[in-house]
Structure formats: C-alpha cells, structure tokens
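# Working through the structure, step by step
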Amino acid sequence: MSRSFILGLTGSIGMGKSTTAAMFAEAGVPVWDADAAVHALYARGGTAVAPIAAAFPAAVRDGVVDRGTLKTLLTTENQALSRLESLVHPLVAADRAAFIRAHASAPLIVLDIPLLFETGADALCDATLVVTAAPEVQRARVLSRPGITERQLDLFLARQLPDAEKRARATHVIETRSLEQTRAAVQDLIAKLRGA
C-alpha cells in the first residue's frame, strides 16, 4: 500500500511560514499545523487541560489553559518546561499521527512545525521545506505585528536554529519575496513532489 509523501514545513518567525502553509492548503494539500494542534489541546475539552491542571494548577482557569499564566510559570520555575513538554509532546504526536492516518490516501501532506529541526520532527518527513527571507525583511515583518518589540524578537530568534542552518539542512528552500513568487514556487514544488 502506498502512503502519503510527507513534507515538513518550517521557517523562523517572520519568514512567511503560515502564508506558505495556507498556499499548500489552497492547492488542496492537507496541512497539519502544530500550533493549531496545541491550541486545541489547551482549549476547553482539550486533552492537555487535565494533565496541565494537575501539574500546574494555577495555569488552568474555567477548563482552559491560560497561556499567559503558563508562560510565567515556565520562566519562574526550574524544570517546568521539561515537565510541560513531557505532558504535551505525546499528545501533539498522537494528534499528528491521527492526521497522517486520516489523510493516508493523499499523495502529499504537509506538517507545519515551527521547531521542526529543533524537536527532531524532521525524522518523520520524506523531505523538508524551509521558507526564508532577508534578515531586514524578517525584522520588518515581525516588528510590524502589534505588541512585538525588538527584545521579544531577539528572544524568539534565540530559541530557534539560525536561518542559515535551517536552509543548510532543508531539502527545499523557498525565499518569500512576494506573494506571487511564493505561490508560484509552492505550485512548482507540489508538482515536483507529486511526480516523485
């Protein structure tokens, strides 16, 4: 039985990853979004709510994980991040596996994972795609977002692999200069991968 070709999509903050993922979805390619999966797990009825409530009682209010409180706990409590990851990562992995099974008949699926290389999730993929942009374009995009400061941007970037390292590890790279150019590159890559 044939299986879907799995493309891992990543890119540092402000590089156009979400826009590129949306272009794959518009072209009919099933896209699993790691961030959306975590949001669903943290929402009312989400499978992460009870274990997080047990481990971090202050972080759950009215049956929903309060991300702001959780973030504060992670910065003030030793070992909190590793405890949280041990609870949430298996749930995210189960959600991703269910998505892959549900789309087993699709010739191509995309896994949109911000920390693809950092978490080792690239090992699940047949190929990887990194979206990139010039550093000054990246900074301008991120700093145009409401409430983002230079310091916050530097903190985001410090948690991610450098863009050059991501590009070096990627199977495919798309530079997101314009929407038209990016859409054309996505369509070219889809055609290439479906033909593979």
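As the structure is a prediction and not an experimental result, all values here were calculated from the model. (Residues numbered from 1 in each chain as written. Predicted model: local features only at pLDDT ≥ 70, side-chain atom pairs only at ≥ 80, totals over all residues. Heavy atoms only, no water.)

When its secondary structure is counted, the chain shows nine helices and seven strands. Computed over its C-alpha atoms, the radius of gyration of the chain comes to 18 Å, within 12% of the 16 Å expected for a compact globule of 196 residues. The principal-axis extents of the C-alpha atoms in the chain amount to approximately 50 × 45 × 25 Å. Evaluated residue by residue, the chain yields a buried proportion of 39% over its 196 residues. The long-range share in the chain, meaning contacts at least 24 apart out of those at least 6 apart in sequence, stands at 70%. (Helix = DSSP H or I, 4+ residues; strand = E, 2+ residues; numbered from the N terminus. Rg over C-alpha atoms; globule rule 2.2 N^0.38 Å. Buried < 20%, exposed > 50% of the residue type's maximum accessible area, 1.4 Å probe, protein only. Contact = heavy atoms within 4.5 Å.)

Strand order in the open sheet formed by five strands is 2-5-1-6-7, with parallel pairing between adjacent strands. Only two strands of the sheet have a single neighbouring strand rather than two, namely strand 2 (31–33) and strand 7 (172–175). Along the sheet, successive strands turn relative to each other by an average axial angle of 20 degrees, direction set aside. Relative to strand 7, strand 6 (residues 127–132) is paired through four bridges, and the arrangement is parallel. Within the sheet, the bridge partner assigned to Leu 129 lies in strand 7 and is His 172. On top of the sheet, helix 2 (residues 34–42) reaches strand 2 and strand 5 (108–112); it is set at about 55 degrees to strand 2, its chief contact. (Pairing = 2+ DSSP bridges. Axes fitted to C-alpha atoms, helices over the stretch in contact; angles between N-to-C directions.)

A few words now on the pattern of salt bridges. Under the definition given, this model contains 10 salt bridges. The closest approach of N and O atoms between Arg 3 and Asp 126, which form a salt bridge, is 2.6 Å. Of the two residues, Arg 3 is situated in the segment before strand 1 (5–10) and Asp 126 in the loop between strand 5 and strand 6; the sequence distance between them amounts to 123 residues. Take Asp 126: its relative accessible area is 34%, and that puts it in the partly exposed class. Note that Asp 163 and Arg 167 form a salt bridge whose closest N and O atoms lie 2.9 Å from each other. Of this pair, Asp 163 and Arg 167 both sit in helix 8 (residues 163–169), four residues apart, which is roughly one turn of the helix. The network of salt bridges with shared partners includes Arg 139, Glu 150 and Asp 154. (Salt bridge = Lys/Arg side-chain N within 4 Å of Asp/Glu carboxyl O.)

Time to look at unusual backbone geometry. For Asp 62, which is not a glycine, the phi torsion comes out positive at approximately 55 degrees. Turning to its location among the elements, Asp 62 is positioned in the loop between strand 3 (60–61) and strand 4 (64–65). Among the residues examined, Asp 62 registers a relative accessible area of 67% and is labelled exposed.

Let us look at the packing of helix 2 against helix 5 (residues 80–102). Relative to each other, helix 2 and helix 5 sit at 115 degrees, their axes nearing to 10 Å. The angle between the axes of helix 2 and helix 5 places the two elements in the roughly perpendicular class. Remark: the crossing between helix 2 and helix 5 carries right-handed chirality. Mapping the contact onto sequence places Ala 37, Val 38, Leu 41 and Tyr 42 in helix 2 and Leu 84, Val 88, Leu 91, Val 92 and Asp 95 in helix 5. Grouping the constituent residues of the contact of helix 2 with helix 5 by class yields eight nonpolar, no polar and one charged. (Parallel < 35°, antiparallel > 145°, perpendicular 65-115°, else oblique. Left-handed = near helix turned anticlockwise from the far one by under 90°. Nonpolar A, V, L, I, M, F, W, Y, C, P; charged D, E, K, R; others polar.)

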